[in-house]
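Examining the three-dimensional arrangement
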Amino acid sequence: MSQSRLRRAVVALTALPLLALGAGQAVAAPAPAPAPAAASKVTAIEDEVARTLAASLADPALRERLRTATAAAPAGAELTPLAAGLSGATARGLAATAARADRAVATAKGLGDLGPLLRVQLADPSMRAALDAGAAPLVAIAGTDEHARTVRAYDTAGRARGLDAATLPTRPVYLVDIDTAKALTAGIDLLQRELTARGIAPAAPQSSAPQSSAAQVPTAQAAAGWWGTKITSVRVNDDEEPWFKGAAEMFSLVSGFGPDGKVRVDSVAMPYLQYDGTVYYPNQILVNWSNYKYNLADVVLMEDDGDTNYLALAQAVAAVLLTIADQGAYIPLVNAVLAALPASWWTDDPDYVESWYTLARTSTGRLNGARGNGWMTVEPYWVSQL
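This section reports on the structure supplied with the text. Here the structure is a predicted model, which means the values were calculated and not measured. (Residues numbered from 1 in each chain as written. Predicted model: local features only at pLDDT ≥ 70, side-chain atom pairs only at ≥ 80, totals over all residues. Heavy atoms only, no water.)

Details of the sheet that holds strand E9 (residues 225-236)
- The strand order across the open sheet built from four strands is E12-E9-E16-E15, with neighbouring strands paired in antiparallel fashion. Bordering the open sheet on either side are strand E12 (284-288) and strand E15 (365-368), each of which pairs with just one other strand. Strand-to-strand twist across the sheet, computed as the mean angle between neighbouring axes with direction ignored, equals 40 degrees.
- Sheet topology places E9 next to E12; four bridges connect them, and they run antiparallel. Among the inter-strand pairings, Lys230 is bridged to a residue of E12, identified as Ile285. (Pairing = 2+ DSSP bridges. Helix = DSSP H or I, 4+ residues; strand = E, 2+ residues; numbered from the N terminus. Axes fitted to C-alpha atoms, helices over the stretch in contact; angles between N-to-C directions.)

This is the structure in structure tokens:
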């Protein structure tokens, strides 16, 4: 697409020093791992599917089916159902390959079978005219490395072609990508279940009335609702605009101390936050303050870059945060969350997007992120029971 994909979120980071978390408490951040010599597991799966799809497009029926399907679904057509809907050995072979790849991707992300996950889209709408005129398309993957100088694409003979990553090709290019919206929904559910099972995100207390709320809401309502922090607008910055990126899928990890004095993390899906340089107005509740002991919490914004393993993320975060004890005062937890990520997840393409420290229940207005890569405007919001 002509708009840049935000590849600055979910689990790979820059090096962090020893992080002091309070008197006598520290977490040692792992040293960054060297860049992997081979493609990541999910990227390798996508690349194989791209090569198979390109060769399959020598079949005129399949080629026409893909052309019409992507015109009807510009955001991406599910590959497995598309191929399964056609007869012939080529289509059957592609459907079988795509179905195996769907399962392999779900497994690599720590998820169960989600059905079709891989989808195909035209890299840029401007390519539609050439495609409709009969130009032979290439097939590539929506890569994760926004700093790549070349993009590998395949032709109908299965041969690899190098495309300039900085220049939109004149030849039509299909991109194979993951339905990250579907993966994100399942991943957030898994993440929250795993954190809860490990005591990091316990259920909210039976009485959800916030402390000291009587002065701001009628007494009769104080026991029938809770205070939240609502995002009224949000924007993430990114200077890159490679043509081979798709839309991002973002989520936040909100951390603080629960009423029981234990660290808790709540995962919040933000599927609307897809492109850099765009202001979104979600009116989304980010924090439920009845779940927290102190009037402060931290937020880490991340992205599912396709390779995110939600089970491993939950295990890593829980392993570090369970060692932090409440000392009777607020302790920033952003650095601990970042340090918890395994060194194997550190790549040349960071998935950590932004972070906000010391978000308070009374916070109002624009809050700039700590790394200068984004901002959000917030306001207190009273959620009353019906």
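Having seen the structure, we can now continue with the description.
Re the pattern of salt bridges
- Taken as a whole and judged by the stated rule, the model has eleven salt bridges.
- The network of salt bridges with shared partners includes Glu64, Arg67 and Asp132. (Salt bridge = Lys/Arg side-chain N within 4 Å of Asp/Glu carboxyl O.)

Topic: the environment of Thr170
- Positionally, Thr170 belongs in the loop between strand E7 (160-164) and strand E8 (173-178).
- The exposure class of Thr170 is exposed, given its relative accessible area of 77%.
- Sequence separation between Thr170 and Ala130 is 40 residues; the distance between their C-alpha atoms is 8.3 Å. (Buried < 20%, exposed > 50% of the residue type's maximum accessible area, 1.4 Å probe, protein only.)

Structural notes on the packing of helix H1 (residues 41-56) against helix H4 (residues 89-108)
- Relative to each other, H1 and H4 sit at 170 degrees, their axes nearing to 10 Å. Overall, the two elements H1 and H4 adopt an arrangement that is roughly antiparallel. Counted together, Lys41, Val42, Ile45, Val49, Thr52, Leu53 and Ser56 of H1 and Thr90, Leu94, Thr97, Ala101, Ala104, Val105 and Ala108 of H4 form the full contact between these two elements.
- Classifying every residue of the contact of H1 with H4 by side-chain character gives nine nonpolar, four polar and one charged. (Parallel < 35°, antiparallel > 145°, perpendicular 65-115°, else oblique. Contact = heavy atoms within 4.5 Å. Nonpolar A, V, L, I, M, F, W, Y, C, P; charged D, E, K, R; others polar.)

Interpretation in functional terms is not warranted from these geometric data alone.
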